[in-house]
Amino acid sequence: NQLNMQQQLIDSFGRQMDYVRLAVTDRCNLRCQYCMPAHGIEIAPRADLLTFKEMYRIIRVLTELGVTKIRLTGGEPFVRKDFVGFLEMLSFNDLLEAINITTNGAMISKHIPVLEKMDKIKHINLSIDSLQKEKFNKITRRDVFPEVYETFKALEKSSLNLKLNVVVQPGFNTDEIVDFVALTKNNNVAVRFIEEMPFNGKGQREMKENWNYTRILEEIKTKFDAKPIVSEKSSTSKNFRVDGHKGTVGIIPAFTRTICGDCNRIRITPIGTFKNCLFDDGVFNIRDFLRNGASNDQLKELFLKLVKEKPANGFIAEANRKEGNVSESMSTIGG
Ligand code: SAM
Ligand code: SF4
């Protein structure tokens, strides 16, 4: 009914937001080349980060406006003290149907049994850009490949749905694209290749070649007959399956942005900035609004108003930026 519709997060293009991506920290234990400089990024003072209590409240209000799924990311979510406790806390929100997590997997293997026990935790996205130790270390600038690979194996065997995120980096791992596809033969895993974006703390990297969606698909097809499969409308990836393979392969056109039309998501950064799009430069600081004593009804009103400003797509969001081209680290936004 009319009244109910007014209490839903629907943008000016009629898109309903039912998914929120929350970055629980800007800190990270790795230094991936495409995400941040070798010396890391300037992290926010601890007091500027949202507390778990504040996050819980923001999410509760969002779920009362129709959000049903959350993805927790960062930085590295498991770096934040008592992140697992926060997962337990979030599980109490009866309006939340799914809690998904994106992690680099370097410190989580011991938590897997606990994660499996939490009903709402359905999907884990594990970032792994190379299957070769030396190369992996070069990309992440840390020596953690064995631990991440162990995590991969453990998650594959677990009851959790596993997706692997592979950022395609010319000069580093394009030769491994087919190896990752081969991994789907015997593993029940969704491998997703992501176009690299200039969110790395300094802007567009020097690149010898442009590996976009089309190029990645061509590379897959040099060795595999990958057939398109149907994906959920709001899926960020176009998905494929090779006959006889247990897992699937997807490509995320993160930079060429051909998926924006069906966007169903909003974002909240570690310092509480509300974002309508990955490519905007932040539309409102909810943390200050909360700390100044806003009520839940005021928060609701605010969210309903903010989503009306959601741009049609990531190109328009980028053009509207006040602070110039994108160059901030993914770690401060929440990838
Ligand atoms: N630390 C966790 C991890 O690496 O999975 C979660 C945060 S990370 C920012 C989330 C995802 O964004 C990762 O899969 C990462 O590979 C991806 N990412 C980071 N920087 C990127 C960039 N410049 N272009 C494309 N993807 C990027
Ligand atoms: Fe850390 Fe993830 Fe960024 Fe790598 S991609 S530096 S693991 S936040």
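That block above? That's the structure.
A. Inspection of the site of ligand 2 at higher detail. Near ligand 2 the following residues occur: Cys-28, Leu-30, Cys-32, Tyr-34, Cys-35, Met-36, Gly-75 and Asn-104. Residues belonging to the shell around ligand 2 are distributed by class as follows: six nonpolar, two polar and no charged.

B. Quick peek at the nonpolar core. Within the largest apolar cluster, 95 residues are counted, with the highest numbers of intra-cluster contacts made by Leu-9, Leu-62, Leu-72, Phe-193, Ile-220 and Phe-303. Sequence-distant contacts of Leu-62, that is, excluding residues within four places in its chain, are made with Leu-9, Val-20, Val-67, Ile-266, Ile-268 and Phe-303.

C. Region of interest: the pairing of strand β4 (residues 121-127). In terms of strand pairing, strand β3 (residues 98-103) meets β4 through four bridges, oriented parallel. For Thr-102, the partnering residue across the bridge sits in β4 and is Asn-125. Since β3 and β4 lie parallel, the crossover through helix α4 (residues 112-117) that links them has a hand, and here it is right-handed. Across five bridges, the pairing between β4 and strand β5 (residues 161-168) is parallel. Paired with Ile-124 across the bridge in β5 is Leu-162.

D. Local environment of the pattern of salt bridges. Under the criterion given, the structure shown has 17 salt bridges. Of the charged contacts in the structure, one is a salt bridge between Asp-262 and Lys-233, with a shortest N-O distance of 3.6 Å. Taken together, the residues span a long stretch of sequence, with Asp-262 in the loop between β9 (248-252) and β10 (265-268) and Lys-233 in the loop between β7 (226-228) and β8 (238-242) at a distance of 29 residues.

What counts and how
Once a new chain begins, its residue numbering starts again from 1 and follows that chain's sequence as written. To read the labels, note that chains go from A and ligands from 1, taken in the order they are written. Two thresholds apply to this predicted model, a pLDDT of at least 70 for residue-level local features and 80 or more for giving and counting side-chain atom pairs, whereas whole-chain, interface and lining totals are computed over all residues. Note that water and hydrogens are dropped before the side-chain values are worked out from all heavy atoms of the structure. Note on terminology: near, applied to a residue and a molecule or strand, indicates that one of the residue's heavy atoms is within 4 Å of it. Each residue is assigned to one class: nonpolar for Ala, Val, Leu, Ile, Met, Phe, Trp, Tyr, Cys and Pro, charged for Asp, Glu, Lys and Arg, and polar for all the others, Gly among them. Buried Ala, Val, Leu, Ile, Met, Phe, Trp, Tyr and Cys residues that are joined via side-chain atoms within 4.5 Å together make up what is termed a nonpolar core. Only protein chains enter the accessibility calculation, which uses a 1.4 Å probe. A residue is then buried if its area is under 20% of the maximum for its type, exposed if over 50%, and partly exposed in between. Contacts were defined at the residue level, with two residues in contact if any of their heavy atoms lie within 4.5 Å. Strands are labelled as partners when DSSP assigns at least two bridges between them. Working definition: helices are DSSP H or I runs of at least four residues, strands are E runs of at least two. Numbering for both runs from the N terminus. When the strands point away from the viewer, a crossover counts as right-handed if the path from the first strand over the helix to the second runs clockwise. Counted as salt bridges are all cases of a side-chain nitrogen of Lys or Arg within 4 Å of a carboxyl oxygen of Asp or Glu.

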